[in-house]
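What follows is each chain in one-letter form.
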Amino acid sequence: MGVYGDHVLPRIINGVCNMKVAREQRARVCEGLSGEVVEIGFGSGLNIPFYPAAVTSVDAVEPADVGWKLARKRLDAATVPVQRSGLDGQSLPFGDDTFDAALSTWTMCTIPDLDAALRELRRVLKPGGRLHFVEHGLAPDPPVQRWQHRLEPVQKRVFGGCHLTRPIVDLLTGAGFTIAEVDVFYEEGAPKVVGANSLGVAVSPD
Ligand SMILES: C[S@@+](CC[C@H](N)C(=O)[O-])C[C@H]1O[C@@H](n2cnc3c(N)ncnc32)[C@H](O)[C@@H]1O
């Protein structure tokens, strides 16, 4: 990706994604996680402080080496074993039916082939396994959607392939997940084009 994508962008994400408003959503989305968890798009480990005690291990999937380095202090303080187990959510190096739960926070916007990643999550989750997610995506309001379509090419260039217009809930149900709970809202303090969030739990079929 070059110097910007490999070194600068992960540091920008580490700062922007660690704001109070994001931390509040991390606390909400991690609530109820338990057992063996796979986290796709681990970034710099900003969810580590929010893993509940019921989580027994986290397998982290993250392509950016710098993200992993920026996670060092949080990893040292982690109360749950966390290991970097993979580099690409589109091709997970785990057997079928491995995990009790999965976690994805602001990652589904960036994975190039999200359908492939969702298929992989379904494969590695045990039947009935729960995918906890908070993601930004296509806004509920058409005027905001129009701006999202206009700005998406720039967003993708500046933020490492980040899409603004992915209909997260539709993509999850299209991939065969059942939505157990979801809250769709505009993030406080963020421009609506990047702050149309969906936070919830999707369940892999039995
Ligand atoms: C906006 S950041 C969010 C990081 C982290 N989840 C958080 O909440 O702070 C998107 C993350 O997705 C990662 N990513 C990009 N392509 C990916 C892929 N194919 N598989 C897994 N993660 C990917 C990026 O490296 C980046 O860490």
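No experiment lies behind these values; they were computed from the predicted model shown.

**Student:** I keep staring at the overall build of the protein chain and nothing clicks. Help me out?
**Tutor:** What the protein chain contains, in helices and strands, is seven helices and seven strands. Going from N to C terminus, the protein chain has its helices and strands arranged as α-α-β-β-α-α-β-β-α-β-α-α-β-β. Over its C-alpha atoms the protein chain spans a radius of gyration of 16 Å, differing by no more than 12% from the 17 Å that the globule rule assigns to 206 residues. Principal-axis analysis of the C-alpha atoms places the extent of the protein chain at approximately 45 × 40 × 30 Å. A buried classification covers 46% of the 206 residues belonging to the protein chain. Of the contacts formed within the protein chain by residues at least 6 apart in sequence, a portion of 70% connects residues at least 24 apart. Carbon and sulfur atoms provide 55% of the accessible area of the protein chain, an area that totals close to 9,800 Å².

**Student:** Please clarify how the packing of aromatic side chains should be interpreted in this entry.
**Tutor:** Aromatic ring pairs are described here by two measures, namely the spacing of the ring centres and the angle between the planes. Tallying each qualifying case throughout the model produces two aromatic pairs. Here the aromatic rings of Phe-94 and Phe-99 are separated by 4.9 Å at their centres, their planes lie at 85°, and the arrangement is edge-to-face. Residue Phe-94 shares its accessibility class with Phe-99, and that shared class is buried. The ring of Trp-147 has Arg-150 lying over it, and the distance from NZ or CZ to the ring centre is 4.4 Å. The positively charged end of Lys-192 is found above the aromatic ring belonging to Tyr-186, 4.8 Å away from the centroid.

**Student:** What am I meant to see in the state of the cysteines here?
**Tutor:** In protein structure, a disulfide is the covalent linkage between the sulfur atoms of two cysteines. Counted under the stated rule, the structure contains zero disulfides. Not engaged in a disulfide, the cysteine Cys-30 finds its nearest cysteine sulfur in Cys-17; these two sulfurs lie 13 Å apart. Note on Cys-162: no disulfide assigned, nearest cysteine sulfur contributed by Cys-109 at a separation of 3.8 Å. For Cys-162, a relative accessible area of 6% corresponds to the buried category.

**Student:** Would you mind showing me how to read the site of the ligand here?
**Tutor:** Taken together, 16 residues surround the ligand, and among them Arg-26, Gly-41, Glu-62, Gly-89 and Thr-105 come closest. Within the contact set of the ligand, a nitrogen atom lies 2.8 Å away from a backbone nitrogen or oxygen of Gly-89. Between the ligand and the protein, one listed contact pairs an oxygen atom with a side-chain N or O atom of Thr-105 at 2.6 Å. Out of a free accessible area of 590 Å², the ligand has 88% covered by protein chains. For the shell around the ligand, the class distribution of residues is six nonpolar, seven polar and three charged.

**Student:** Would you mind going over the pattern of salt bridges with me for this structure?
**Tutor:** Pairs can form between side chains of opposite charge whenever their charged atoms are close. Taken as a whole, this structure holds eight salt bridges when the rule is applied. Its salt-bridge partner being Arg-28, residue Asp-183 comes within 2.9 Å of it at the nearest N-O pair. Of this pair, Asp-183 sits in strand β6 (residues 178-186) while Arg-28 sits in helix α2 (residues 20-30), and the two are 155 residues apart along the sequence. By relative accessible area, Asp-183 is classed as partly exposed at 30%. Taking the relative accessible area as the measure of exposure, Arg-28 reaches 39% and is therefore partly exposed.

**Student:** Is there a simple way to explain the environment of Val-201 in this structure?
**Tutor:** Looking at where Val-201 falls in the secondary structure, it is placed in strand β7 (residues 196-203). Sequence separation between Val-201 and Gly-129 is 72 residues, and the spatial gap between their C-alpha atoms is 10.0 Å.

About the criteria used
- Residues numbered from 1 in each chain as written.
- Predicted model: local features only at pLDDT ≥ 70, side-chain atom pairs only at ≥ 80, totals over all residues.
- Heavy atoms only, no water.
- Helix = DSSP H or I, 4+ residues; strand = E, 2+ residues; numbered from the N terminus.
- Rg over C-alpha atoms; globule rule 2.2 N^0.38 Å.
- Buried < 20%, exposed > 50% of the residue type's maximum accessible area, 1.4 Å probe, protein only.
- Contact = heavy atoms within 4.5 Å.
- Areas by Shrake-Rupley, 256 points an atom, 1.4 Å probe, with all protein chains shown as cover.
- Phe/Tyr/Trp six-rings, centres within 6.5 Å; stacked < 30°, edge-to-face > 60°.
- Lys NZ or Arg CZ within 6 Å of the ring centre and 35° of its normal.
- Disulfide = S-S within 2.5 Å.
- Near = heavy atom within 4 Å.
- Polar contact = N/O pair within 3.5 Å; in protein donor to acceptor, adjacent residues only side chain to side chain.
- Nonpolar A, V, L, I, M, F, W, Y, C, P; charged D, E, K, R; others polar.
- Salt bridge = Lys/Arg side-chain N within 4 Å of Asp/Glu carboxyl O.

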